Amino acid sequence: MKVQIRDSDKVNDVAIGTHFIDLRKICNDGDKGFLPTLGPAWVNMYGSTRQYTLMDEHQDLNEGLGEGVSFRARLLLSITVEILDTTSPEIISSTEVQVENVSNISESATGKIEEFFLFGSFLEATMIDRKIGEKQITFEITIGNYGNQIDGVSKSSSAKKKKKKDGENDEEENELIQNSSEDEADEDGDLVSVSSTPPMRPVITDRNYFHLPYFEKKPCIYIKSWWQDQRRRLYNSNMMDKIADKLEEGLNDVQEIIKTEKMFPERRLRGVLEELSTGCSRFVTLANKDVNQAGRTKLDRERLKSCMREMDSMSQQAKQIRTQVKKNTVREKLKLVQNFLQRLRFLADEPQHSIPDVFIWMMSNNKRIAYARVPSKDILYSIVDEETGRDCGKVKAVFLKLPGKKGFGPAGWTVQAKLELYLWLGLNKQRKDFLCGLPNGFEEIKATGAAPGLQSVPPVSLVY
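Residues numbered from 1 in each chain as written. Predicted model: local features only at pLDDT ≥ 70, side-chain atom pairs only at ≥ 80, totals over all residues. Heavy atoms only, no water.

Let's talk about the sheet that holds strand E13 (residues 367-374)
Rules: Only strands joined by at least two bridges in the DSSP assignment are considered to pair. Every helix listed is a DSSP run of H or I at least four residues long, and every strand listed is a run of E at least two residues long, numbered separately from the N terminus. Axis lines are fitted through C-alpha atoms, for helices just across the contact stretch, and the angle between N-to-C directions can take any value from 0 to 180 degrees.
If you trace the 3 strands from one edge of the open sheet to the other, you get E7-E12-E13, paired in antiparallel fashion. Only two strands of the sheet have a single neighbouring strand rather than two, namely strand E7 (137-143) and E13. Averaged over all adjacent pairs, the angle separating strand axes in this sheet is 25°, with direction ignored. Relative to strand E12 (residues 358-364), E7 runs antiparallel, the two sharing 7 bridges. Within the sheet, the bridge partner assigned to Thr142 lies in E12 and is Phe359.

Remarks on unusual backbone geometry
Put simply, the test is: The buried label goes to any residue with under 20% of its type's maximum accessible area, the exposed label to any with over 50%, and the partly exposed label to all in between, with areas taken from a 1.4 Å probe on protein chains only.
Following Gly39, the chain continues to Pro40 via a peptide bond in cis, the omega torsion being 5°. With respect to the helices, strands and loops of the structure, Pro40 is situated in strand E3 (residues 37-47). For Phe264, which is not a glycine, the phi torsion comes out positive at approximately 55°. Residue placement: Phe264 occurs in the loop between helix H4 (231-259) and helix H5 (265-287). Classification of Phe264 as partly exposed rests on a relative accessible area of 38%. Even without being glycine, Asn365 reaches a positive phi, approximately 60°. Along the polypeptide, Asn365 turns up in the loop between E12 and E13. Relative accessible area serves as the criterion here: at 48%, Asn365 is assigned to the partly exposed category.

Section: the pairing of E7
Residues in a regular strand project their side chains so that they alternate between the two faces of the sheet. Burial runs high along E7: 7 of the 7 residues are buried. Neither face of E7 is exposed, since Ile137, Phe139, Ile141 and Ile143 on one face and Thr138, Glu140 and Thr142 on the opposite face are all buried.

Digging into the pattern of salt bridges
The criterion, for reference: A pairing counts as a salt bridge when a side-chain nitrogen of Lys or Arg comes within 4 Å of a carboxyl oxygen of Asp or Glu.
Scanning the model with the defined rule gives 31 salt bridges in all. Residues Lys418 and Glu420 are paired through a salt bridge, measuring 3.0 Å at the closest nitrogen-oxygen approach. Looking at Lys418, the relative accessible area reads 18%, which means it is buried. Of the charged contacts, one joins Lys446 and Glu444 as a salt bridge, the two residues approaching to 3.2 Å between their closest N and O atoms. Residue classification places Glu444 among the partly exposed residues on the basis of a relative accessible area of 34%.

Describing the nonpolar core
We apply this condition: Nine residue types can take part in a nonpolar core, namely buried Ala, Val, Leu, Ile, Met, Phe, Trp, Tyr and Cys, and a core is a set of them joined through side-chain atoms within 4.5 Å. By the convention used here, residues are in contact when the closest approach between their heavy atoms is within 4.5 Å.
Within the largest apolar cluster, 37 residues are counted, with the highest numbers of intra-cluster contacts made by Phe139, Ile360 and Leu400. Of all elements in the fold, only strand E5 (113-126), E7, strand E11 (217-228), H4, E12, E13, strand E14 (394-400) and strand E15 (417-427) reach the threshold of two or more residues within this core. With 6 residues, E15 is the largest single contributor of residues to this core. Setting aside chain neighbours within four positions, we find Phe139 in contact with Phe122, Ala125, Ser195, Ser196, Thr197, Leu212, Tyr214, Trp361, Met362, Leu400 and Leu419.

Remarks on the packing of aromatic side chains
Our working definition: Planes of paired rings set the category: under 30 degrees apart is stacked, over 60 is edge-to-face and the rest tilted, where pairs are Phe, Tyr or Trp rings (Trp by its six-membered ring) whose centres lie within 6.5 Å.
Following the criterion strictly, the structure yields 14 aromatic pairs and no others. Between Phe117 and Trp424, the aromatic rings sit 6.3 Å apart at their centres with planes inclined by 55°, giving tilted as the arrangement. With Phe117 in strand E5 and Trp424 in strand E15, this residue pair connects regions lying 307 residues apart in the sequence. With a relative accessible area of 1%, Phe117 lands in the buried category. Relative to Phe434, the ring of Phe117 lies with its centre 5.1 Å away and its plane at 70°, an arrangement referred to as edge-to-face. One end of the pair, Phe117, is in strand E5; the other, Phe434, is in the loop between E15 and strand E16 (443-445), with 317 residues separating them in the sequence.

Section: a nonpolar patch on the surface
Using the following cut-off: Without a salt bridge and with relative accessible area above 30%, a residue can belong to a patch; like charges are then joined within 9 Å and nonpolar side chains (Val, Leu, Ile, Met, Phe, Trp, Tyr) within 5 Å. Only the protein chains shown count as cover for residues, and all accessible areas are computed by the Shrake-Rupley method using a 1.4 Å probe.
On the surface, a cluster of nonpolar side chains totalling about 280 Å² of accessible area is made up of Leu35, Val81 and Ile83. Mapped onto the elements of the fold, Val81 is located in the loop between strand E4 (70-80) and E5.

Some details on the side chain of Ser225
Inclusion rule: Think of a polar contact as two N or O atoms within 3.5 Å of one another; within protein, one of them needs to be a possible hydrogen donor and the other a possible acceptor, and neighboring residues in sequence only count if both atoms come from side chains.
Here Ser225 lies in strand E11. Assessed through its relative accessible area of 0%, Ser225 is described here as buried. Separated by 2.9 Å, the side chains of Ser225 and Trp227 make a polar contact. If near-sequence neighbours (up to four positions away) are discounted, Ser225 is found in contact with Glu114, Glu115, Phe116, Ile143 and Tyr146.

Describing H5
What counts here: Every helix has an expected span of 1.5 Å times one less than the residues it contains.
Spanning 23 residues, H5 covers 33 Å between terminal C-alpha atoms, matching the ideal 33 Å at 1.5 Å per step. Those residues of H5 lying buried are Pro265, Glu266, Leu269, Val272, Leu273, Leu276, Ser277, Gly279, Cys280, Phe283, Leu286 and Ala287. Looking at the buried side of H5, the elements it contacts are H4, helix H6 (298-324) and helix H7 (330-348).

Thoughts on the confidence of the model for the protein
Our working definition: Per-residue confidence from the predictor is reported as pLDDT, which spans 0 to 100.
Put simply, the protein has an average pLDDT of 85, and 86% of its residues get 70 or more. Here residues 154-189 scores under 50 on pLDDT; set against residues more than four positions off or in separate chains, the count is 55 contacts.

Encoded structure:
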């Protein structure tokens, strides 16, 4: 199912953003199944960067073709399906779309709004393509429109607008276009956002690549943003993804043992099945929390029930198959277990969004050059280890690529830059351990404008 926001234009309506809904993910045709249902939930739309020009070279991305390289909009969406009695005279058999007004929904219907905190530290920036090595480079991180400095809407520009308009009612526009980077202090004396690294000229590494000289001083970014608290959805996805990752790793091991004709592949497979069974049981215990949380939709409830049924059944099947694994049945059982992996990946994909993905952009001469997109669930923090995103509070290698069609074909294969990047996303009130996963031995450098003696202000750079 395709949902599209279009710009109402006199000549032709241009797509602003497109989202596809996989009907298999919002319904279940089993004996305890349910008809397609979704929301009310926010759907995030991604597409091209906001180029305010007549011809957008990445317009395809707004039509939903290819990976979106920028947050475009979010849409509050609700889907219900009813089975109608076609023999009833009141039903008009028309294929026309009928538009009706809907009553307003309550503020809390999509969840309680919470303050989130995103922190990033750039430990290394290498393999910068020599074509961009001539000018100064800066990196920008955004989440939704927060942190977006060149094509988002910042508070300072809207403040100027207000002065110009002499107090004309401009609030509505600010509400709609979520405000981005704010470099003034909020009520805690805490800077709300430092979303980009200081500009720096690259240094030559060899004939093909440049690097930025982040030697002992590592630049940091941090952004405060406000979203409906739907972490439970992401936590459940993370738990299933981690079970699937472990299973995939185990299955690869078994295949490697068979391929290299090493001893006892059946022992490794039994171990893999035991891990799977334990993981599924643990999911059933943990996922049942927060069932009365605000903003839970019918799909949340139905999905939880069906995921718990599936995971419970998978746990039982894994136990049963484990007892049947013998030297001569390893290959046959391996095929069976591979079906579990596909099933887990399918279940882990959450159809109702919450926090938008994080984008990392390399910028030169105030132009966006190359990017990487990180799903917010992968860097989301939880006090429960299994629910934490796989890359939260870890130093990861991130490769930047060209946006849109430029990233395809032989030209798109060249790495634009490689970053060693540390990311942490969580509730602002849970942020005390956000630096825990960094390599030891650093000193925090705070922003010059920060009030003295405030421990809670995040660092703008780390000195090793």
